[in-house]
Amino acid sequence: VLGFVEITDVNDHSPAFPEKEQTFEIAEHTLPGKRFQLHTARDPDAGINSIRTYTLTSNEHFEVNIRQSDAGKIPFLVLKKSLDREQKNKHALLVTAVDGGKPPRTGTLNVSIIVLDSNDNRPIFSQEIYQTELQENVLVGTFVFRMNATDPDEDTNGQIEYSFGKTLRREVYDIFVLDKLTGEIRVKGVVDYEENDLYELDVEASDKGTPPLTGECRVIVKIKDVNDNLPEIEVTSLSNTVSEDSKPGTAISLLSVRDKDSGVNGKTISHIVNDVPFELKPSYKENTYSVVTKDFLDREQVSHTLLLTAQDGGKPPKSGTMEILIDVLDVNDNAPVFIKDVYSAEINENSPLGTIVIRVNATDLDEGLNGEVSYSFGNVNSKVRKLFDVDPTTGEITVKGQLDHEVDDSYEIDIQASDSGAVPFRTDKSVSVNIKDINDNAPVIDVTSLSNKISEDSRPGTTVALLSITDLDSGVNGKVISFVKGDVPFTLTPSIQDNMYAVVTKTQLDRENKSIYDVTVIAKDAGEPALTSEKTLRVAVSDVNDNSPEFSMRRYNFYVTENNPPGVSVFSLIASDCDEGANALLSYNILREGNEDSKVTSFLNINSENGDILALKSFDFETLKTFKFHVVASDSGTPSLSSNVTVNVFILDQNDNAPVILYPLSSNGSAEDHDEGDNSLGQLSIDCRCPWCLSKS
């Protein structure tokens, strides 16, 4: 059996919202009719026990509207009156969901409405017009005024910035500054009562909304005057040229005095402060004066600058000044005057052409052509004109010619300064110029006396030459140190006369060692750099007979073969003498002594000129085997010197003798030969026809 059971619902559930609270942010400018969907409540009951309606707490701005859909009833919050954040910025509502049960069940939802601000309020000043006073000349940064504007909006819509209006005069922006955040007005530039005694400042206060709203006000600043202006002197008519010979009372110029201040601050008293030959005379018109001469003028002596002072009546008073330069026309009444009493200069000799020696300077108190000074030579000789030149414009004295200290060491130059007036005045000044020596001259060595020859036996200190050594320079440049160069037996000694020297021997001479000397004398000055000269003297040493002849050998040994031809030179001797000339001219002779050898030497002869020895006869070895003799060599000096040498002569044997058979027989039974050596060796033989034979014993 199939049966159906229907379960009838009872209202045992209350409606429930998914959230306990719901918050909306709604701008205050939102138009009425705007709908905001609320959370939908759920009720598990069915039919009439389900949600029936939604209700809202009583208020003047919102109401609930329900829209039916397949899912059920959907609640909406509807704005029925515009919001105003400045009156109320937050609303708390309670939405209630009610089902259809009996009794009905409910569920609630707390709804918070946060009203968002809109820029719907403009800034408002506390006053439309403000007034304040400010003293002129206050310091930059001085506080002037502070205004205040309010804006009930919040955040940026209520944040205010201040600014000056756009239609103010330009100078206002240069004088005042407005702090855009605080609304303080302070001094930015110079506040001058005389320029403007009242300022009307339009000020705007703007919020930062979009778009921003503004409010306006006006600040009236009254400027209080102080005595801050000096009297001003103005030249209304000026004749700035007056002759220095003008009479007293001559009018020069007209002046007017003005002070921008008012009252006693603008009242002035004027006068000339400095001591000048001018005075101030009041004119018929107030604050107008004439400047006139009160004495005779002297352009060169008196200042022509007038110092005028005008003083006001303020407390404390202020003064204004002005300088007026009066141009006094010159007359030529002054001669040129050199600025130095003494002019002197020093210049090196040999200075290049165009070198500046000195510059003279003269002034003339007159002006224009009357004070224009030119320079020229005065009473100077032609030599000065050749050596120097003067620039007519600058007064520079320059080198024109060759300066030589050794010719002239100083010059006095007369320089004339002339003005260019119609009738010129002239002034002369002597300029002393000293020519400074430079080391431009080398020492000069002059030979005043010279002995070309000197005997070798001269004593040390013997004078060979006299010299004059000079240097044209002066001072240390002319100081000369002289000496003999090198290692020679000569030296230099000063004479009793200035600059005179003697070349003398300093050691014993020996002609045989050196016969000619080149004696170099050096003269060196003390300049910087030093200059040097030298002179070479050739000195010959003359001979004296101080050397004996010397043979080439201490002993001669000669060998002569016997049977030499008579009258022929058999040998020769050589001797020499270190002297020269007659002192070295030698002669030879054989020393004849009374002994046995002298007999032999009688057979000899010697060539006295060359030492050749001749044998007057032949020698025989068998008679004379050796002998000796002495040869003397003598020079031709006075007195004559000589030396001798021993000559040993050895006779050489020749085979000039046949063997001789001694008869009767000798004791040894031998034959005899008078020769020696091989010449004495012989052979004996018997004629073959004899019946004997020989045998060696």
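By the naming in an unreviewed UniProt entry, the protein goes by Si:ch73-379j16.2 and is assigned to Seriola dumerili. Reading the Subcellular location (unreviewed entry) entry of the UniProt record for the protein gives the comment "Cell membrane".

A few words on the overall build of the protein. Check the secondary structure of the protein and you find three helices and 51 strands. For the protein, the C-alpha radius of gyration of 76 Å lies well beyond 26 Å, the compact-globule estimate for 697 residues. By principal-axis analysis of the C-alpha atoms, the protein measures approximately 225 × 145 × 35 Å. Buried residues in the protein amount to 39% of all 697 residues. In the protein, of all internal contacts separated by at least 6 residues, the share reaching a separation of at least 24 is 65%. When the accessible surface of the protein is totalled, it reaches about 40600 Å², and 49% of it is carbon and sulfur.

A few words on the sheet that holds strand β35 (residues 444–450). Across the sheet, four strands lie side by side as β35-β37-β40-β39; this open sheet has antiparallel pairing. Only two strands of the sheet have a single neighbouring strand rather than two, namely β35 and β39 (490–494). Strand after strand, the sheet turns through a mean of 30 degrees between neighbouring axes, direction not considered. Relative to strand β40 (residues 500–505), β39 runs antiparallel, the two sharing five bridges. Directly across from Pro494, in β40, lies its bridge partner Tyr501.

The sheet built from three strands is open, its strands ordered β45-β49-β48 with antiparallel pairing. Only two strands of the sheet have a single partner each, and these edge strands are β45 (568–572) and β48 (604–606). The average undirected angle you get between the axes of adjacent strands in this sheet is 35 degrees. Two elements, β48 and strand β49 (residues 612–615), share three bridges in a ladder whose sense is antiparallel. Its bridge partner being in β49, Asn605 is matched across the sheet by Leu614.

Along the chain, the position of Asn59 falls in the loop between β3 (51–56) and β4 (62–69). Looking at Asn59, its side chain comes within polar contact range of the main-chain nitrogen of His61, at 2.9 Å. Among the polar contacts made by the side chain of Asn59, one reaches the main-chain amide nitrogen of Phe62 at a distance of 2.5 Å. The contacts of Asn59, once residues within four sequence positions are left out, are Lys80 and Leu93.

For the structure on display, the rule yields 15 salt bridges. Where Arg218 meets Asp202, a salt bridge forms, and the shortest distance between an N and an O atom there is 2.8 Å. Taken together, the residues Arg218 in strand β16 (residues 214–224) and Asp202 in strand β15 (residues 198–207) connect sequence positions 16 residues apart. With a relative accessible area of 32%, Arg218 lands in the partly exposed category.

Because side chains alternate across strand β9 (residues 129–135), one face comprises the buried residues Tyr130, Thr132 and Leu134, and the other comprises Ile129, Gln131, Glu133 and Gln135, none of which is buried. In terms of strand pairing, β9 meets β16 through seven bridges, oriented parallel. Paired with Thr132 across the bridge in β16 is Val221.

A few words on the UniProt feature "domain: Cadherin" (unreviewed entry) in the protein. Under the UniProt annotation, "domain: Cadherin" (unreviewed entry) lies at residues 18–125, 126–233, 234–338, 339–445, 446–551 and 552–661. The straight-line gap between the two end C-alpha atoms of residues 446–551 is 47 Å; of that span, 0% is helix and 52% is strand.

What follows is about the domain arrangement of the protein. Taken domain by domain, the protein consists of domain 1 (21–116), domain 2 (124–224), domain 3 (232–329), domain 4 (337–436), domain 5 (444–542) and domain 6 (550–652). Put simply, the middle of domain 4 and the middle of domain 6, counted by C-alpha atoms, are 96 Å apart.

What follows covers the nonpolar core. One recurring pattern in soluble globular proteins is that nonpolar side chains are buried together. Residues Met147, Phe176, Ile185 and Val203 are the most contacted members of the largest nonpolar core, which totals 27 residues. When residues of this core are traced back to their parent elements, those giving at least two are β9, β10 (143–146), β12 (160–164), α1 (170–175), β13 (176–178), β14 (184–187), β15 and β16. Not counting residues up to four positions away in its chain, the partners in contact with Phe176 are Leu134, Val144, Phe164, Ile185, Arg186, Lys188, Tyr199, Leu201 and Val221.

This brings us to the environment of Ser14. Looking at where Ser14 falls in the secondary structure, it is placed in the segment before β1 (21–27). Each C-alpha atom of the pair Ser14 and Asn49 lies 9.1 Å from the other, and the pair is 35 residues apart in sequence. Look past the residues within four positions of Ser14 in its chain and what remains in contact with it is Arg42, Asp43, Arg105 and Thr106. A distance of 3.3 Å separates a polar atom in the side chain of Ser14 from a polar atom in the side chain of Arg105.

Inspection of the secondary structure puts Ser420 in the loop between β33 (410–418) and β34 (426–436). Considered as a pair, Ser420 and Asn370 are 50 residues apart in the sequence and their alpha carbons are 5.3 Å apart. Once you skip the residues sitting within four places of it in the chain, Ser420 turns out to touch Leu369 and Glu372.

On to unusual backbone geometry. Residues Lys315 and Pro316 are joined by a peptide bond in cis, for which omega reads -5 degrees. Checked against the element boundaries, Pro316 lands in the loop between β23 (305–312) and β24 (319–325). With an omega dihedral of 0 degrees, the bond running from Glu528 to Pro529 counts as a cis peptide bond. Mapped onto the secondary structure, Pro529 falls in the loop between β41 (516–525) and β42 (532–542). Despite not being glycine, Asn287 shows a phi value in the positive range, around 60 degrees. Among the structural elements, Asn287 can be located in the loop between β21 (278–282) and β22 (288–293). Residue classification places Asn287 among the partly exposed residues on the basis of a relative accessible area of 24%.

Under the defined criterion, the tally for this structure stands at 17 aromatic pairs. Relative to Tyr173, the ring of Phe164 has its centre 6.3 Å away and its plane inclined at 75 degrees; by these criteria the two rings are edge-to-face. On the basis of relative accessible area, Tyr173 is assigned to the partly exposed category, the value being 29%. A ring pair is formed by Phe551 and Tyr556, whose centres lie 6.3 Å apart and whose planes are at 80 degrees; its orientation type is edge-to-face. Phe551 gets classed as buried once you look at its relative accessible area, which sits at 14%.

Turning our attention to the side chain of Thr96. Mapping Thr96 onto the fold places it in strand β6 (residues 90–99). Excluding residues that lie within four positions of it along the chain, Thr96 makes contacts with Thr53, Tyr54, Thr55, Thr106, Gly107 and Thr108.

Cut-offs and rules
- Here the residue numbers are simple positions, counted from 1 along each chain's written sequence.
- Local features in this predicted model are restricted to residues whose pLDDT is 70 or higher, and side-chain atom pairs enter the listing and the counts only when it is 80 or higher, whereas totals over whole chains, interfaces and linings include all residues.
- Working from all heavy atoms in the structure, the side-chain values ignore hydrogens and water.
- UniProt positions are given in the numbering used here, feature names are shortened, and annotations may be inferred rather than shown by experiment.
- Here a strand is any run of E in DSSP of at least two residues, a helix any run of H or I of at least four, and the numbering for each starts at the N terminus.
- Based on C-alpha atoms, the radius of gyration is set beside the globule rule, defined as 2.2 Å times the residue count to the power 0.38.
- Residue burial is assigned from relative accessible area. The probe radius is 1.4 Å, only protein chains are included, and a residue is buried under 20% of its type maximum, exposed over 50%, and partly exposed in between.
- Residue contacts are counted whenever heavy atoms from the two residues lie within 4.5 Å of one another.
- For accessible areas, the Shrake-Rupley method is used with a probe of radius 1.4 Å. Any residue's cover is judged against the shown protein chains and nothing else.
- Any two strands with at least two DSSP-identified bridges between them are counted as paired.
- What counts as an axis is a line fitted to C-alpha atoms, over the stretch in contact for a helix, and the angles between N-to-C directions run from 0 to 180 degrees.
- Each polar contact in these results corresponds to two N or O atoms within 3.5 Å; when the atoms are within protein, one needs to be able to donate a hydrogen and the other to accept it, and residues that are neighboring in sequence are counted only if both atoms are side-chain atoms.
- What counts as a salt bridge is simple: a side-chain nitrogen of Lys or Arg found within 4 Å of a carboxyl oxygen of Asp or Glu.
- Where each domain begins and ends follows an automated or database-derived domain assignment.
- Residues belong to one nonpolar core when they are buried, are Ala, Val, Leu, Ile, Met, Phe, Trp, Tyr or Cys, and are joined through side-chain atoms within 4.5 Å.
- Working definition: a ring pair exists when centres of Phe, Tyr or Trp rings (six-membered ring for Trp) sit within 6.5 Å. Plane angles under 30 degrees give stacked, over 60 give edge-to-face, the rest tilted.

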